[in-house]
Amino acid sequence: MITTDILIIGAGPTGLFTVFEAGLLKLKCHLIDALPQAGGQCSEIYPKKPIYDIPAYPEILAGDLTDKLLEQCKQFNPGFTLGERAETIEKQEDGTFIVTTNKGTKHQAPVVAIAGGLGSFEPRKPLIHNINEFEDLGVEYIIKDPEVYRDKKVVIAGGGDSALDWSIFLSDVASEVTLIHRRSEFRGHLDSVEKVQELKNQGKINLVTPAEVIGIVGDEKVKAVVVKQAQHIEKEFEIDCDHFIPLFGLSPKLGPIGDWGLEIEKNAIKVDNALDYQTNIPGVFAIGDVNTYPGKLKLILCGFHEATLMCQAAYKIINPGKRYVLKYTTVAGVDGFDGTRKEAPKAVVKTIV
């Protein structure tokens, strides 16, 4: 049995920052994540994609953000159960919770913080009859390492930000990039749409619209895709490629957490945002993209804020009747559980005679 103060379901950015905020309150954390490494979507889906709205970082790669968060919370010795999915939760007579994973690992804590991002997710696949035959053989739904596409011919399908952004990024990596969308209009940010148009004019991106991929050609690997243009019902043609990347988004699923008796709204967990992001089960909180409340914004920086307030509420549950006085880290410093200490240099006081 693994015991801790706060059990965090999800080791993405919000979960990792929770470790730091809890550590400032002398609370220990343990994290469970179905992925084999910490970082959530930042590590699994877009580690090489830049993020522009993290305070103090004009630009930071998603994978680098994970590394920084791990470095920040390392001094508080968090525990990890990775590659296992939180399956069941049971409340004990003493008020603590026991969470068991799909592999039977049991965890006990007085506070559970669900920071599972979008929950478990799977890609939305296009309706192409033989697409399953080529998965991991040239068909990818997620771009993890752009270097895989170095000097390759790539076809991307989709009309949202992800399709636009990766088309732009890979235009400097792949030998040829073709973007196919079933409409002439795109749903992404105007800047991205204009950048794609500019790269098309420069001959760095082939743009085929309105059209859709209806088939894949190949033996052991993808060799080409079959494209049908919308305005020409009979017109079909092939585009040679090494990789076909359909980017139609992800279908989020709460998974087993959806059966925990939590109040759910549109595949997200309802919380009380007026105070501490607690769910309808006292002692169980939901922070980050997995929760919903009036005015909710699914941004990493909002998850950081929610984690901070949640830890304050967790402190009161774990230490009933004990008052915590907030002290700024610039004043109190940071004492790690590993014996390390970080503090601002103290001013030298000299007496003038």
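In this text the structure is predicted, and so the values were computed from the model without any measurement.

Definitions and cut-offs
- Residues numbered from 1 in each chain as written.
- Predicted model: local features only at pLDDT ≥ 70, side-chain atom pairs only at ≥ 80, totals over all residues.
- Heavy atoms only, no water.
- Phe/Tyr/Trp six-rings, centres within 6.5 Å; stacked < 30°, edge-to-face > 60°.
- Helix = DSSP H or I, 4+ residues; strand = E, 2+ residues; numbered from the N terminus.
- Buried < 20%, exposed > 50% of the residue type's maximum accessible area, 1.4 Å probe, protein only.
- Pairing = 2+ DSSP bridges.
- Axes fitted to C-alpha atoms, helices over the stretch in contact; angles between N-to-C directions.
- Core = buried A, V, L, I, M, F, W, Y, C linked by side-chain atoms within 4.5 Å.
- Contact = heavy atoms within 4.5 Å.

Chemist: What is the right way to read the packing of aromatic side chains from this model?
Modeler: The geometry of two aromatic rings is summed up by the distance between their centres and the angle between their planes. What the rule picks out here adds up to seven aromatic pairs. Relative to phenylalanine 304, the ring of phenylalanine 17 lies with its centre 4.9 Å away and its plane at 40°, an arrangement referred to as tilted. Note that phenylalanine 17 is positioned in helix 1 (residues 13–24) and phenylalanine 304 in helix 6 (residues 300–318), a separation of 287 residues in sequence. When the centroid spacing of 5.2 Å and the interplanar angle of 70° are considered together, the rings of phenylalanine 76 and phenylalanine 337 count as edge-to-face. Linking phenylalanine 76 in the loop between helix 3 (62–73) and strand 6 (79–82) with phenylalanine 337 in the loop between strand 24 (334–335) and strand 25 (341–342), this pair joins segments that are 261 residues apart in sequence. On the accessibility criterion, phenylalanine 76 (1% relative accessible area) is buried. Taken together, the ring pairs in this structure connect Phe17, Phe20, Phe76, Phe304 and Phe337 into an aromatic cluster.

Chemist: Looking at this structure, how should I read the pairing of strand 7 (residues 86–91)?
Modeler: Direction of pairing for strand 7 relative to strand 8 (residues 97–101): antiparallel, over a ladder of five bridges. Its bridge partner being in strand 8, alanine 86 is matched across the sheet by threonine 101.

Chemist: So what exactly am I meant to see when it comes to the sheet that holds strand 17 (residues 236–240) here?
Modeler: Strand pairing in a sheet takes place through backbone hydrogen bonds and is either antiparallel or parallel in direction. Read from one edge of the open sheet, three strands run 15-16-17, paired in antiparallel fashion. Of all the strands in the sheet, just strand 15 (211–218) and strand 17 have a single pairing partner and so form its edges. Neighbour-to-neighbour, the strand axes of the sheet open up by a mean angle of 30°, direction not taken into account. Across five bridges, strand 16 (residues 222–229) lies against strand 17 in antiparallel orientation. Residue pairing for strand 17: valine 225 is matched across the bridge by isoleucine 239.

Chemist: Where do I start with the nonpolar core in this structure?
Modeler: One recurring pattern in soluble globular proteins is that nonpolar side chains are buried together. Judged by nonpolar contacts, the single largest core of 57 residues is most densely connected at Ile6, Ile9 and Ile114. Take this core: its biggest share by element is eight residues, from helix 6. Setting aside its immediate chain neighbours within four residues, isoleucine 6 contacts Ala22, Leu27, Lys28, Cys29, His30, Ala109, Val111, Ala113, Cys311, Ala314 and Ile318. In this structure, Ile143, Val154, Phe186 and Val196 belong to the second largest nonpolar core, which totals 19 residues.

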